[in-house]
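Single-letter residue listing:
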Amino acid sequence: MYCVSLIVALCAVCTLGFPGFREEIPNGFSVPNPCPKGDKIWQGVGHMNIAGGGDRSQFGTDYAQMGYSWNKKFCMTDSDGDGMTNGQELGDPNCEWKWTAKGIIKPKMAAQGHPGICDNPKNKMCKNKNSNANRACRLGTVG
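Residues numbered from 1 in each chain as written. Predicted model: local features only at pLDDT ≥ 70, side-chain atom pairs only at ≥ 80, totals over all residues. Heavy atoms only, no water.

Draft legend 1. Layout of the overall build of the chain. Across its full length, the chain holds five helices and two strands. Secondary structure elements of the chain, listed N to C terminal, follow the sequence α-α-α-α-β-β-α. Looking at the chain as a whole, 38% of its 143 residues are labelled buried. Pairs at least 24 residues apart make up 46% of the contacts formed inside the chain by residues separated by at least 6 positions. In the structure as shown, the chain presents an accessible area of about 8,600 Å², 59% of it carried by carbon and sulfur atoms. (Helix = DSSP H or I, 4+ residues; strand = E, 2+ residues; numbered from the N terminus. Buried < 20%, exposed > 50% of the residue type's maximum accessible area, 1.4 Å probe, protein only. Contact = heavy atoms within 4.5 Å. Areas by Shrake-Rupley, 256 points an atom, 1.4 Å probe, with all protein chains shown as cover.)

Take a look at the structure:
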């Protein structure tokens, strides 16, 4: 019985993602939803699904490759290829934000966009990536 409970608990974590990661990036609790429908906040920031879990966005993949750490290199990366760095999109354009065990330090600016979804169809850099945004919006607005 113990093994079954453990397996169910582990599957729940795999399905729901890791909401604690939102504390470890600037404005992680207020990343705007780039889709026209649904919640205003994209809770699964590193995933293609608004609630998290499932396929990762490029931002989520890059975050994992950076050791799940907000650092200068990751901040200066443009994960979604829209011409804005992750830091610019998350309100930390100068890469000054730091997470401490004493609490979340708020960035000086609000999040300006979603760092994992190239969502501006007027931006030439996003034209070839629009399927990424469309797919995310289909996944993100289900339910």
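Back to the text.
Draft legend 2. Spotlight on the nonpolar core. One finds Ile-25, Trp-42, Phe-59, Trp-70 and Leu-90 to be the most contacted residues of the largest nonpolar core, which totals 18 residues. Of all elements in the fold, only helix 2 (58–65), helix 3 (72–76) and helix 5 (130–140) reach the threshold of two or more residues within this core. (Core = buried A, V, L, I, M, F, W, Y, C linked by side-chain atoms within 4.5 Å.)

Draft legend 3. Examining the pattern of salt bridges more closely. Applying the stated criterion across every chain, the model contains one salt bridge. The residue Glu-96 makes a salt bridge to Lys-108 at a minimum N-O spacing of 3.5 Å. One end of the pair, Glu-96, is in the loop between helix 4 (86–89) and strand 1 (99–100); the other, Lys-108, is in the loop between strand 2 (103–104) and helix 5, with twelve residues separating them in the sequence. For Glu-96, a relative accessible area of 46% corresponds to the partly exposed category. Using a relative accessible area of 77% as the deciding quantity, one classes Lys-108 as exposed. (Salt bridge = Lys/Arg side-chain N within 4 Å of Asp/Glu carboxyl O.)

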